Amino acid sequence: MFKCKAVWNKLAPLVRASSTLCLQNARKSVLRHGRRLEMVQKAQMSSGPAGGGGENTLYYVLVGATCLGTGVYAYRTVSGDKERYNERMIDLVNRPKQGPRAAEAVKPVEEPTLTEAPVEEPLVTEAVVEFTESEPVTEPLVEASIPEPTVETLLTESVVEASVPESIIEVSVTEPVAEAPAVTQSEEPLASVVESETEPTPVIITAHVPEASPVSESAAVSEPAPAAEPVESTAAHSDVPEHAPYLLIGGGTASFAAARSIRARDPGARVLIVTEESELPYMRPPLSKELWFSDDPKATETLSFKQWNGKERSIYFQPPSFYVSPTDLAKVENGGVAVLTGRKVVHMDVRENKVKLSDGAEISYEKCLIATGGVPRNLQVIDRAGEEVMKRTTLFRKIEDFRSLEKISREVKSITIIGGGFLGSELACALGRRSTDLGLEVIQMFPEKGNMGKVLPEYLSNWTTEKVRKEGVSVITDAVVKNVSYKNDKLEIKLKDGRLIETDHVVAAVGLEPSVELAKSAGLEVDSDFGGYRVNAELQARSNIWVAGDAACFYDIKLGRRRVEHHDHAVVSGRLAGENMTGASKPYWHQSMFWSDLGPDVGYEAIGIVDSSLPTVGVFAKATAKDTPKAATEQSGTGIRSESETEAVAVTLKAETTAPPPPVQQKEDYGKGVVFYLRDNVVVGIVLWNVFNRMPIARKIIKDGEQHADLNEVAKLFNIHED
């Protein structure tokens with residue numbers, strides 16, 4: 001074609017000159033003879049002087065020669081391409097066998113088929129052709145073994161009317177694999193497969209054909225070939241489903257509550273939980289409570305424990321048989337809940353509704369819940385202390401932390417717990433109970449004046465501290481850690497007031513940092529005051545995304561914007577998020593509660609804003625044998641006291657009708673009682689001290705938001721003076 005163009009470029013000027021001379025001669029004849037020339041005369045063109053005929057003959061000869069040369073060139077080009085194609089086929093047939101990789105990509109079919117994927121824009125497609133071989137053959141055998149239609153016909157006529165350059169043809173020879181997918185494709189491929197009936201080993205020729213025009217209707221088949229992942233990706237992520245209608249990020253209490261709620265409203269729902277931990281969903285409260293008091297030496301492995309009422313229970317919400325395999329999630333008839341363990345979601349694409357995992361796998365979703373919880377905070381002085389100090393420090397949160405600390409408590413002579421809140425005080429009491437048998441020194445230190453000093457009024461905090469000391473714990477108050485170092489096989493903790501404490505191991509229980517790593521990629525707002533993802537009243541962060549549990553910063557219509565880090569909140573917020581993911585559109589009205597047990601004899605439940613900086617009013621009475629966590633568990637049947645709550649209790653319980661004895665306030669023995677927290681003379685928080693199964697009443701008082709002239713009368717609703 002290039003030669004033809006060169007010849008034409010040389011002839012064009014001659015043709016234009018000849019045409020110009022003919023027109024000039026015609027005009028002269030008209031002027032001279034006064035009449036127009038005949039059409040035959042006007043059509044005569046010459047490259048020489050006007051009036052000659054030989055010049056026209058030369059013009060015809062040149063044009064004819066050009067056309068003939070073009071035809072010869074095109075014929076030789078097509079013939080050469082065919083010869084090179086046949087030579088390549090012979091070379092492929094005689095080539096030795098290679099590995100099974102390519103065979104995994106193609107599954108032979110009985111008849112030649114052509115598959116077309118939907119085409120939305122120009123792209124590079126693949127044509128896959130399969131032959132078979134058993135023994136080295138000669139050229140005639142190759143020609144005879146190819147059935148009709150021929151390979152040339154399939155590649156050039158049936159697929160697309162375009163030539164395939166040699167440089168973009170890829171060839172591989174593979175062995176057959178029984179469980180290979182039908183066709184391996186790149187994005188939106190066209191595929192054509194030809195199979196030999198007698199030979200087992202396929203030869204695959206992959207040609208990338210630049211698509212010049214839409215494929216004709218005759219070339220299309222009834223079903224488009226589904227897009228498949230590359231062989232390497234499929235092998236690496238074989239247990240990861242490509243799509244989950246309901247995707248729950250995080251494997252804690254909130255996620256499990258949401259999964260149960262989704263399945264309750266949509267029995268056929270397919271729910272996938274993705275958790276960074278290697279465990280199935282479990283409850284965290286027993287990690288710092290009942291598991292430490294178990295007499296079973298195997299409790300650390302089985303994670304089963306006896307509640308205060310003696311009933312056996314597992315830390316896991318459900319056994320493994322409750323869940324379906326992630327690979328079977330899309331296949332099971334009635335849906336189910338699958339858990340993908342040991343994977344972390346590292347990126348969210350909210351526009352495409354998909355997430356990316358830490359191993360590179362991607363999962364698309366329709367509705368997504370973020371329930372990532374949080375990570376334990378650490379003291380900066382410990383973070384900066386170096387590797388030796390960090391190796392001897394536990395940040396308590398997960399099952400592995402419990403197992404590790406339980407083992408350490410049997411190996412070392414001294415453990416120091418930094419933190420005087422719920423977790424720190426519970427662990428101190430748990431380890432203190434073991435101190436005598438293990439010969440273990442247990443130290444607890446915190447900057448407040450007493451245990452749970454940020455929650456309880458000072459008099460009750462001081463009483464609690466004495467209770468902890470009786471459990472065998474050395475409590476150090478007003479302790480601000482200045483420095484931690486490792487010397488002579490010991491950790492040295494230096495306080496700001498100069499005191500120095502030596503210990504073998506440190507447990508940092510100083511709070512929780514909400515996990516908001518997905519905020520940037522998902523475009524979610526993080527609250528600057530409380531932390532966590534900001535959500536609306538329906539716990540929705542944005543379209544198709546909800547947040548529940550510790551990571552949710554929600555707006556409380558009574559108490560303002562809040563973030564709560566307790567088991568009951570995780571249960572209720574997860575349940576509500578699951579309902580809203582199925583279209584309920586319910587606001588979050590629930591006032592969540594939390595509880596803490598300092599062993600089987602002292603426990604409390606709380607609701608609302610319980611802050612020791614607020615004004616408080618306490619009403620106490622003498623405790624009885626029924627006023628202990630152990631007795632409450634025996635009555636309700638569960639140590640997870642949020643499970644025993646029921647709104648009906650608020651209706652059936654009645655206030656005392658007999659006059660109670662004078663309330664006991666701020667005495668040395670606080671057996672049981674109620675503490676009201678006030679803001680603008682309105683009750684915003686309540687602590688029930690050794691008073692159990694009365695939480696619905698407390699919730700109703702806060703919900704009403706009324707001012708009360710005499711809180712002693714309000715305390716009667718809790719029946720604290722009954723025997």
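Bear in mind that the values here come from a model prediction, so they are computed numbers and not experimental data.

Thresholds, definitions, all that
- Residues numbered from 1 in each chain as written.
- Predicted model: local features only at pLDDT ≥ 70, side-chain atom pairs only at ≥ 80, totals over all residues.
- Heavy atoms only, no water.
- Helix = DSSP H or I, 4+ residues; strand = E, 2+ residues; numbered from the N terminus.
- Buried < 20%, exposed > 50% of the residue type's maximum accessible area, 1.4 Å probe, protein only.
- Contact = heavy atoms within 4.5 Å.
- Areas by Shrake-Rupley, 256 points an atom, 1.4 Å probe, with all protein chains shown as cover.
- Pairing = 2+ DSSP bridges.
- Expected span 1.5 Å × (residues − 1).
- Core = buried A, V, L, I, M, F, W, Y, C linked by side-chain atoms within 4.5 Å.
- Axes fitted to C-alpha atoms, helices over the stretch in contact; angles between N-to-C directions.
- Polar contact = N/O pair within 3.5 Å; in protein donor to acceptor, adjacent residues only side chain to side chain.
- Phe/Tyr/Trp six-rings, centres within 6.5 Å; stacked < 30°, edge-to-face > 60°.
- Salt bridge = Lys/Arg side-chain N within 4 Å of Asp/Glu carboxyl O.
- pLDDT = per-residue confidence, 0-100.
- Patch = residues over 30% accessible without salt bridge, like charges linked within 9 Å, V, L, I, M, F, W, Y side chains within 5 Å.
- Lys, Arg positive; Asp, Glu negative; His and termini not counted.
- Charge placed at Lys NZ, Arg CZ, Asp CG, Glu CD.
- Left-handed = near helix turned anticlockwise from the far one by under 90°.
- Nonpolar A, V, L, I, M, F, W, Y, C, P; charged D, E, K, R; others polar.

Can you walk me through the overall build of the protein in this structure?
Of the regular secondary structure elements, the protein holds 19 helices and 33 strands. Per-residue burial over the protein gives 47% buried out of 723 residues. A fraction of 72% describes how many contacts in the protein between residues 6 or more apart in sequence connect residues 24 or more apart. Counting only carbon and sulfur atoms, one obtains 51% of the accessible surface of the protein, whose full area is about 36900 Å².

How do you make sense of the sheet that holds strand S28 (residues 560–562) when you look at a structure like this?
Taken together, 3 strands build an open sheet; the order of strands is S24-S27-S28 and the sheet is mixed. Both outer strands of the open sheet, strand S24 (533–534) and S28, are each paired with one neighbouring strand and no more. The pairing of strand S27 (residues 552–556) with S28 spans 3 bridges and is antiparallel. Across the sheet, Asp556 pairs through a bridge with Gly560, a residue of S28.

I'm lost on helix H7 (residues 253–265) in this one. Help?
Every α-helix carries 3.6 residues per turn, so stepping three or four residues along brings you back to the same face. Helix length check: H7 (13 residues) gives 19 Å between terminal C-alpha atoms against 18 Å at 1.5 Å per residue, within 8%. For H7, the set of buried residues is Thr253, Ala254, Ser255, Phe256, Ala257, Ala258, Ala259, Ser261 and Ile262. Contact partners of the buried residues in H7: strand S6 (243–249), strand S7 (270–274), strand S10 (336–340), strand S13 (362–370) and helix H15 (567–581).

Any chance you could explain the nonpolar core here in plain terms?
Core analysis: the largest hydrophobic core is formed by 127 residues, its most contacted members being Met348, Ile686 and Phe718. The element that contributes the greatest number of residues to this core is strand S33 (residues 682–689), accounting for 6 residues. When residues no more than four places from it in sequence are discounted, the contact partners of Ile686 are Glu605, Ala606, Ile607, Val610, Val674, Val675, Phe676, Tyr677, Ala698, Ile701, Ile702 and Phe718. Judged by nonpolar contacts, the second largest core, of 15 residues, contains Val381, Ile382, Ala479 and Val506.

I'm lost on the sheet that holds strand S31 (residues 616–621) in this one. Help?
Strand pairing in a sheet relies on backbone hydrogen bonds, with the paired strands running either antiparallel or parallel. Across the sheet, 5 strands lie side by side as S29-S30-S33-S32-S31; this open sheet has antiparallel pairing. Both outer strands of the open sheet, strand S29 (593–597) and S31, are each paired with one neighbouring strand and no more. In this sheet, adjacent strand axes meet at a mean angle of 15 degrees when their direction is disregarded. Here helix H12 (residues 422–438) sits on the sheet in contact with S29 and strand S30 (603–608), set at roughly 25 degrees to S29. Each of S29, S30 and S33 is contacted by helix H18 (residues 695–704), which is oriented at about 165 degrees to S33, the strand it contacts most.

Help me understand the side chain of Asn378 in this model?
Among the structural elements, Asn378 can be located in the loop between strand S14 (374–376) and helix H9 (380–383). Polar contacts involving the side chain of Asn378 include one to the side chain of Asp383, which spans 3.0 Å. When sequence neighbours within four positions are dropped, the list of residues in contact with Asn378 reads Asp383, Met390, Leu395, Ala508 and Val510.

How should the packing of aromatic side chains be read in this particular structure?
The description of an aromatic ring pair rests on the distance of the ring centres and on the angle between the ring planes. Scanning all chains against the criterion turns up 14 aromatic pairs. Aromatic side chains Phe322 and Tyr323 sit 5.0 Å apart centroid to centroid with 90 degrees between the ring planes, which places their arrangement in the edge-to-face category. Consider the rings of Phe554 and Tyr588, whose centres lie 4.9 Å apart with planes at 80 degrees: the pair is edge-to-face. Here Phe554 is found in strand S27, whereas its partner Tyr588 is found in the loop between H15 and S29, with 34 residues between them in sequence.

Would you explain the pattern of salt bridges in this entry?
Opposite charge on two side chains makes pairing possible when the charged atoms of those side chains draw close. Taken as a whole and assessed by the stated rule, the structure comprises 24 salt bridges. For the salt bridge of Lys354 with Glu362, the shortest nitrogen-to-oxygen distance reads 3.6 Å. We classify Lys354 as partly exposed; its relative accessible area is 28%. One salt bridge in this structure joins Arg563 and Glu565, with 2.7 Å as the shortest N-O distance. When salt bridges with common partners are traced through the structure, they connect Asp239, Arg343 and Asp359 into a single cluster.

Where do I start with H15 in this structure?
The first and last C-alpha atoms of H15 sit 21 Å apart over 15 residues, in line with the 21 Å expected at 1.5 Å per residue. Burial of H15 is extensive: 13 of the 15 residues sit out of reach of the surface. Downstream of H15 by one or two residues, Gly583 has phi in the positive range, about 100 degrees.

Looking at this structure, I do not really get unusual backbone geometry. What am I missing?
Only a minority of non-glycine residues have a phi that is not negative, and only a minority of peptide bonds are not trans. Even without being a glycine, Asn353 presents a positive backbone phi close to 55 degrees. Its location among the elements puts Asn353 in the loop between strand S11 (345–349) and strand S12 (354–357). What makes Asn353 buried here is its relative accessible area of 17%. Positive phi, close to 65 degrees, is recorded for Asn681, a residue that is not glycine. For Asn681, the position within the fold is in the loop between strand S32 (672–679) and S33. A residue is classified by how much of its surface remains accessible, and Asn681, at 55% relative accessible area, is exposed.

Sorry, what's going on with the confidence of the model for the protein here?
Any segment with low pLDDT has predicted coordinates that should not be analysed in fine detail. Per-chain confidence: the protein averages 76 in pLDDT, with 66% of residues scoring 70 or above. Confidence drops under pLDDT 50 across residues 35–52; counting only partners more than four residues distant or on other chains, this segment forms 29 contacts. In the predicted structure, residues 643–667 sits below a pLDDT of 50 and forms 40 contacts with residues beyond four places in sequence or in another chain.

Quick question: what am I supposed to make of a positive patch on the surface here?
Taken together, the side chains of Lys482, Lys487, Lys494 and Lys496 present a region of like positive charge at the surface. By secondary structure assignment, the location of Lys487 is in strand S19 (residues 481–487).

Would you explain the pairing of S11 in this entry?
The two faces of the sheet receive side chains in turn, since in a regular strand these alternate between them. By the bridge criterion, 4 bridges tie S11 to S12 in an arrangement that is antiparallel. Its bridge partner lying in S12, Asp349 is registered against Lys354. Taking the residues between adjacent antiparallel strands as the criterion, S11 and S12 are bridged by 4 residues, where Asn353 takes a positive phi near 55 degrees.

I'm lost on the pairing of strand S22 (residues 505–508) in this one. Help?
Neither face of S22 is exposed, since His505 and Val507 on one face and Val506 and Ala508 on the opposite face are all buried. Two elements, strand S15 (residues 393–395) and S22, share 3 bridges in a ladder whose sense is parallel. The partner of Leu395 across the bridge, within S22, is Ala508. The pairing of strand S16 (residues 414–418) with S22 spans 4 bridges and is classified as parallel. Paired with Ile415 across the two strands is His505, which belongs to S22.

Just checking my understanding: could you explain a nonpolar patch on the surface for this structure?
Together, Tyr555, Ile557 and Trp589 line one region of the surface with nonpolar side chains, adding up to about 360 Å² of accessible area. Position of Ile557 relative to the elements: it lies in the loop between S27 and S28. The exposure class assigned to Ile557 is partly exposed, which follows from its relative accessible area of 45%.

Explanation requested: the packing of H7 against H15 in the structure shown.
Packed helix pairs are specified by the crossing angle of their axes together with the interaxial distance, meaning the distance between the axes. Between H7 and H15, whose axes approach to 7 Å, the crossing angle comes to 35 degrees. Pair H7 / H15 crosses with right-handed handedness. The segment H7 lies against H15, with Thr253, Ala254, Ala257, Ala258, Ser261, Ile262 and Arg265 engaging His567, Ala570, Val571, Gly574, Arg575, Gly578, Glu579 and Met581. Residues belonging to the contact of H7 with H15 are distributed by class as follows: 7 nonpolar, 5 polar and 3 charged.

Before we go on, may I ask you to explain the environment of Glu513 in this structure?
The topology assignment puts Glu513 in strand S23 (residues 512–514). As for Glu513 and Gly532, which are separated by 19 residues in sequence, their C-alpha atoms are 8.5 Å apart.

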